[in-house]
Amino acid sequence: MIPTLILAWIVFIIVWKVLKATISNALTIAAILILLNIGFGITPQDIWNQIINFAQTVSQINLGK
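### Some thoughts on the overall build of the chain
The helix and strand tally for the chain stands at two helices and zero strands. Here the C-alpha radius of gyration of the chain, 20 Å, is well above what a compact globule of 65 residues would show, namely 11 Å. The principal-axis extent of the C-alpha atoms belonging to the chain is close to 60 × 40 × 10 Å. For the chain, the proportion of its 65 residues judged to be buried stands at 0%. Carbon and sulfur atoms provide 76% of the accessible area of the chain, an area that totals close to 5900 Å².

Have a look at this one:
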(Lines give C-alpha, C1' and ligand atoms only; values in the text may rest on other atoms or scores of the structure.)
Protein backbone atom coordinates (compact mmCIF):
# COMPACT_ATOMS: atom_id res chain seq x y z
CA MET A 1 0.00 0.00 0.00
CA ILE A 2 2.77 2.45 0.93
CA PRO A 3 4.73 1.98 -2.33
CA THR A 4 1.52 2.60 -4.28
CA LEU A 5 0.90 5.85 -2.42
CA ILE A 6 4.49 6.95 -2.96
CA LEU A 7 4.25 6.20 -6.68
CA ALA A 8 0.90 8.00 -6.91
CA TRP A 9 2.41 11.02 -5.15
CA ILE A 10 5.38 11.09 -7.54
CA VAL A 11 3.08 10.88 -10.56
CA PHE A 12 0.90 13.63 -9.11
CA ILE A 13 3.91 15.90 -8.60
CA ILE A 14 5.13 15.30 -12.16
CA VAL A 15 1.68 15.97 -13.64
CA TRP A 16 1.32 19.09 -11.49
CA LYS A 17 4.67 20.49 -12.69
CA VAL A 18 3.81 19.81 -16.35
CA LEU A 19 0.37 21.39 -15.94
CA LYS A 20 1.84 24.42 -14.17
CA ALA A 21 4.43 24.93 -16.92
CA THR A 22 1.78 24.53 -19.63
CA ILE A 23 -0.52 27.11 -18.06
CA SER A 24 2.38 29.49 -17.53
CA ASN A 25 3.45 29.22 -21.17
CA ALA A 26 -0.13 29.62 -22.41
CA LEU A 27 -0.60 32.80 -20.36
CA THR A 28 2.72 34.19 -21.60
CA ILE A 29 1.80 33.54 -25.23
CA ALA A 30 -1.64 35.09 -24.70
CA ALA A 31 -0.08 38.19 -23.14
CA ILE A 32 2.35 38.54 -26.06
CA LEU A 33 -0.48 38.19 -28.59
CA ILE A 34 -2.57 40.80 -26.78
CA LEU A 35 0.35 43.23 -26.60
CA LEU A 36 1.14 42.75 -30.30
CA ASN A 37 -2.52 43.34 -31.17
CA ILE A 38 -2.88 46.45 -29.02
CA GLY A 39 0.54 47.93 -29.74
CA PHE A 40 1.01 47.17 -33.42
CA GLY A 41 -2.33 45.92 -34.73
CA ILE A 42 -0.87 42.48 -35.46
CA THR A 43 -3.55 39.80 -35.26
CA PRO A 44 -3.04 36.14 -34.38
CA GLN A 45 -3.99 35.34 -38.00
CA ASP A 46 -1.09 37.52 -39.22
CA ILE A 47 1.30 35.62 -36.98
CA TRP A 48 -0.09 32.28 -38.13
CA ASN A 49 0.33 33.28 -41.79
CA GLN A 50 3.97 34.21 -41.13
CA ILE A 51 4.57 30.84 -39.44
CA ILE A 52 3.10 29.02 -42.45
CA ASN A 53 5.18 31.11 -44.87
CA PHE A 54 8.31 30.38 -42.84
CA ALA A 55 7.58 26.64 -42.83
CA GLN A 56 7.07 26.67 -46.59
CA THR A 57 10.33 28.57 -47.10
CA VAL A 58 12.24 26.11 -44.94
CA SER A 59 10.76 23.13 -46.80
CA GLN A 60 11.65 24.71 -50.15
CA ILE A 61 15.22 25.27 -48.97
CA ASN A 62 15.45 21.63 -47.84
CA LEU A 63 14.04 20.37 -51.15
CA GLY A 64 16.43 22.60 -53.07
CA LYS A 65 19.46 20.75 -51.69
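From this point, the discussion proceeds with the structure in view.
### Description of helix α1 (residues 2-40)
Between its first and last C-alpha, α1 extends 56 Å over 39 residues, near the 57 Å set by a 1.5 Å rise per residue. Positive phi shows up at G41, right after α1, with a value of about 75 degrees.

### Regarding the packing of aromatic side chains
Applying the stated criterion across every chain, the model contains one aromatic pair. Look at W9 and F12: their rings are 5.5 Å apart centre to centre, the planes differ by 35 degrees, and that puts the pair in the tilted class. Separated by three residues within a single helix, W9 and F12 lie in helix α1, roughly one turn from each other. Overall, W9 belongs to the exposed group, its relative accessible area being 54%. For F12, a relative accessible area of 43% corresponds to the partly exposed category.

Conventions used here
- Residues numbered from 1 in each chain as written.
- Predicted model: local features only at pLDDT ≥ 70, side-chain atom pairs only at ≥ 80, totals over all residues.
- Heavy atoms only, no water.
- Helix = DSSP H or I, 4+ residues; strand = E, 2+ residues; numbered from the N terminus.
- Rg over C-alpha atoms; globule rule 2.2 N^0.38 Å.
- Buried < 20%, exposed > 50% of the residue type's maximum accessible area, 1.4 Å probe, protein only.
- Areas by Shrake-Rupley, 256 points an atom, 1.4 Å probe, with all protein chains shown as cover.
- Expected span 1.5 Å × (residues − 1).
- Phe/Tyr/Trp six-rings, centres within 6.5 Å; stacked < 30°, edge-to-face > 60°.

Just distances and angles here, no functional claims.
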